[in-house]
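# A look at the structure
Spelled out from the first residue to the last, the chains are:
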Amino acid sequence: MTDSPTVNRVSADARAAAFTTRSIKTTAKDAGLRLALSMVDLTTLEGKDSPEKVRSLCAKARRPMPDDERVLGERLPSVAAVCVYPSMVPAAAEALDGSGIKVASVATGFPSGQYPLDVRLRDTEKAIADGADEIDMVINRGAFLSGRYGVVAEEIAEVTAVCAQGGPGGRGVHLKVILETGELETYDNVRRASDLAIANIRDGDFIKTSTGKVSPAATMGVTLVMLEAIRDAWLKDGKKIGMKPAGGIRTAKQSLHYLAMVKETLGDAWLSPDWFRFGASSLADDVLRQIVRRKTGRYTAGYDFGVA
Amino acid sequence: MTTFQEQNATDIAGSQTSAAGPGRSPALEFASAWDYAPAPESTKVEIADTYGHFIGGKFVDAAKGGTLDTLNPANETKLSTFARGTAEDIDAAVKAARDAQPKWAALPAKERGKYLYRIARRLQERAREFAILETMDNGKPIKESRDVDIPLVAAHFFYHAGWCDKLKYAFGGAEPKPVGVCGQVIPWNFPLLMAAWKLAPALACGNTCVLKPAETTPLTALRLAEVFDEIGLPPGVVNIITGDGEAGSALVEHPGVDKVAFTGSTEVGKKIARAVAGTGKKLTLELGGKSPNIIFDDASIDQAVEGIVSGIYFNQGHVCCAGSRLFVQEGVADEVVAKLKIRLESLRVGDPLDKNTDVGAINSRPQLETIAKYFDIARDEGLGVYESSCELPSSGFWCKPSFFTGVQASHTVAREEIFGPVLAIQTFRTPEEVITRANNSPYGLAAGVWTDKGSKIFEIAGQLKAGIVWLNTYNRFDPASPFGGYKESGFGREGGMQGLRGYVRLG
């Protein structure tokens, strides 16, 4: 698996930057903000997380703005998923029960992945058994960077197999493969890792930029390279893979730039929470702030939305 | 994994957008559930009903040439009326320039520099207004006039402002003297930028100028005259005569002109060369091109496709150095063409003032007719024609981003400059072959090379007979980088230290 195309970083960055000059106004902005909100994986991945913190996050996930009908005259969409550590999955599953919002769990020894494979697989199985609908795994960057691509591929395939078994009650489980692009450094590596992951996951699974624990996390350039890998897999094999940039996307404006990039790289079919997600903790609040401003003409204060 | 080649074996001359996998036909849909709302640039720009010539620091009516109209090519509405210059106007302008020249040249160099800095700063302050006016008069997308043209215009004045007091270090110890009065004739594709390319080095070197903008795009040059007035540029240092070819000929032939600089078509360039021959006038010509853009199979393909787009669809292909001959190595030809087709679908063609427009209007009806003629020729010669599926506005002058397939070196569209958003695609097998074919052109303005292999870049670039060779990029400009061609693309350089040479006499 070394026949991935090369990527010219300067040109790729220039192309990615071009999407930041798209002017997204009026109706396009209204629709884009609601779409972005519906694509958020509301995330908390802290050592200090507790079930109560997760319940707070889940409440926010269900109703990002509880007074939306009064202020906006409409019901805003809920977010796509809540993303937590495996130990928090039971709390999240209980809090989100019946909402349609997915429980996403990081697993496989997140964020480093530096654990024996059987431990990482067990981590995954446990999260699924506890109620996770989606598994955000990390790849073995040590193996990747030392050129042992076969090892990386095999490990992804094994986690895919665990997810393919599904959860209790025949629940389908989707996989997101985190490349941790900040550690891969070059766009050639990002492309190769994307191709390698895509080859070893199923239709409907995702590739994801970052854990959020390494800087830089998601960037427009890295996301473009991954979107192009997804596009090529679709055109060559008809395999449809989703994309999740994570970390560093904090403003509504940024999220609209990402949507423009998805729209112009992959087209309409990917403009849905089934195929594109934002891994973010603070993005939702800025999106809400912009939605309120569009409606009322006023900016809200930070304390106007409940923290989660 | 199957490859693009296997699935798209017949696709290079066909029209399907994507490869077809077994049992499904994966394509990408850009029709869009989520479309960008119109985002028109909203600032209103004042345009006078009529403009005169700018001679000796004043706007004056045409002596006897009457007037011409300038249109917005995106909707064919009249923007303004301007003076049509004749020999009498040229004579007055040359006289004004002559009168002003000794005093301008005698200014301490850093004082001349201050004027140029002031022009550059004022252009930056009024950048938005200039960008809108350029887009209305020319038809280019506001995105390009805002992000490319006007910033480069300011950059040229800044750059040459810096040269004013350093000229004596530019020529290896030889003492530079001004040439005198410069007659400068510029084209319509980058109206203000071409004015800057001509005026900035001339002024920096102590010359005075008579500038003749193109007849379809006079407005930004006339607005620039307002800037000269605002910053107190001495009267007569820059004179602007608007009009058609009659004014251009009169300027080139005027005995009081010491130097002629022309950017435009090779046909007119040849006439100018004949007119100037034997007169002792200095001459620089920046003419047409049919520049090769070469993609090797080891290139980063997605970025190379972006290079094709910026090579030929930038500014509607109205670029003398446009990468209008694409050479793709056979092993990646199908993939490149398939990806180019997809990319064309996301190019937004339409209202040039919309901030999301990628491809604007063709500058004039005659130019649109020229482009249409080449489509007819291509069809007559049996070539494949592929056009973007975009819809075009009902009024104005428009051409869909397009390319020709099945092109061989002898086909007309592979040899002649079209000056539109139209690309001739050819394939090649070896480096030696592509160098031979790239250089097999009467032109020699620019070239692009796309490969991920560093050693190959230098090997190929050194053998291309072109004034500018871009490596893994295309259509990038900088005032510090000299621009100009070989063969029928002209002679002399503009920009950089080399560009100063055309505006000095070395004593």
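Only a predicted model underlies this, so the values are computations on that prediction, with no experimental measurement involved.

The subject of this paragraph is the domain arrangement of chain B. Residues and elements named next belong to chain B. Each assigned domain of chain B is listed here: domain 1 (39–287 + 489–506) and domain 2 (292–478). Each of domain 1 and domain 2 was reduced to a C-alpha centroid, and the two centroids are 29 Å apart. Listed as interface residues are 33 residues of domain 1 and, on the opposing side, 32 residues of domain 2. Note on domain 1 versus domain 2: buried area summed over both sides is about 2800 Å², and carbon and sulfur give 57% of it. Across the salt bridge formed by Glu-76 and Arg-365, the nearest N and O atoms sit 3.0 Å from each other. Linking domain 1 to domain 2 there are 17 residue pairs in polar contact (both at pLDDT 80 or more). Going through the elements one at a time, helix 4 (127–138) and helix 5 (142–163) are the ones with two or more residues in the side of domain 1 that touches domain 2. Per-element accounting of the side of domain 1 that touches domain 2 gives the leading share, six residues, to helix 5. When grouped by side-chain class, the residues that make up the side of domain 1 that touches domain 2 number 15 nonpolar, nine polar and nine charged.

Before going further, it helps to spend a moment on the environment of Ala-106 of chain B. Residue and element names in this part refer to chain B. You can see Ala-106 is positioned in helix 2 (residues 87–106). Looking at Ala-106, the relative accessible area reads 61%, which means it is exposed. Along the backbone, Ala-106 and Arg-437 are 331 residues apart, and their C-alpha atoms lie at a distance of 50 Å.

In this assembly, 40 residues from chain B lie in contact with 37 residues from chain A. Buried surface at the junction of chain B and chain A, summed over both partners, amounts to about 3300 Å²; 52% is from carbon and sulfur atoms. The three residues of chain B that bury the most area against chain A are Trp-34, Tyr-36 and Gln-303 of chain B, which together make up 23% of that side's buried surface. Taken together, chain B and chain A are joined by six salt bridges. Residues Glu-306 of chain B and Arg-15 of chain A are paired through a salt bridge, measuring 3.3 Å at the closest nitrogen-oxygen approach. Applying the counting criterion to the chain B and chain A interface returns 16 residue pairs in polar contact (both at pLDDT 80 or more). For the side of chain B that touches chain A, the secondary structure elements donating two or more residues are helix 1 (4–7), helix 5, helix 10 (301–312) and helix 11 (330–345) of chain B.

All right, on to the sheet that holds strand 8 (residues 278–280) of chain A then. Residue and element names in this part refer to chain A. Reading across from one edge, 7-6-5-4-3-2-1-8 is the order of the eight strands in this open sheet, with parallel pairing throughout. Bordering the open sheet on either side are strand 7 (242–244) and strand 8, each of which pairs with just one other strand. When strand polarity is set aside, the average angle formed by the axes of neighbouring strands in this sheet is 25°. With three bridges joining them, strand 1 (residues 40–43) and strand 2 (residues 81–84) adopt parallel strand pairing. Across the sheet, residue Thr-43 finds its bridge partner in strand 2, namely Cys-83. This element, helix 11 (residues 220–237), spans strand 6 (206–208) and strand 7 of the sheet and lies at about 170° to strand 7.

Here the focus is the side chain of Ser-364 of chain B. Residue and element names in this part refer to chain B. Following the sequence through the fold, Ser-364 ends up in the loop between helix 11 and helix 12 (365–380). A relative accessible area of 10% means that Ser-364 is categorised as buried. Discounting chain neighbours no more than four positions away, the residues touching Ser-364 are Thr-216 and Phe-397.

Conventions we followed
Residues numbered from 1 in each chain as written. Chains lettered and ligands numbered in written order. Predicted model: local features only at pLDDT ≥ 70, side-chain atom pairs only at ≥ 80, totals over all residues. Heavy atoms only, no water. Domains from an automatic or database assignment. Contact = heavy atoms within 4.5 Å. Buried area = accessible area lost by both parts, 1.4 Å probe. Salt bridge = Lys/Arg side-chain N within 4 Å of Asp/Glu carboxyl O. Polar contact = N/O pair within 3.5 Å; in protein donor to acceptor, adjacent residues only side chain to side chain. Helix = DSSP H or I, 4+ residues; strand = E, 2+ residues; numbered from the N terminus. Nonpolar A, V, L, I, M, F, W, Y, C, P; charged D, E, K, R; others polar. Buried < 20%, exposed > 50% of the residue type's maximum accessible area, 1.4 Å probe, protein only. Pairing = 2+ DSSP bridges. Axes fitted to C-alpha atoms, helices over the stretch in contact; angles between N-to-C directions.

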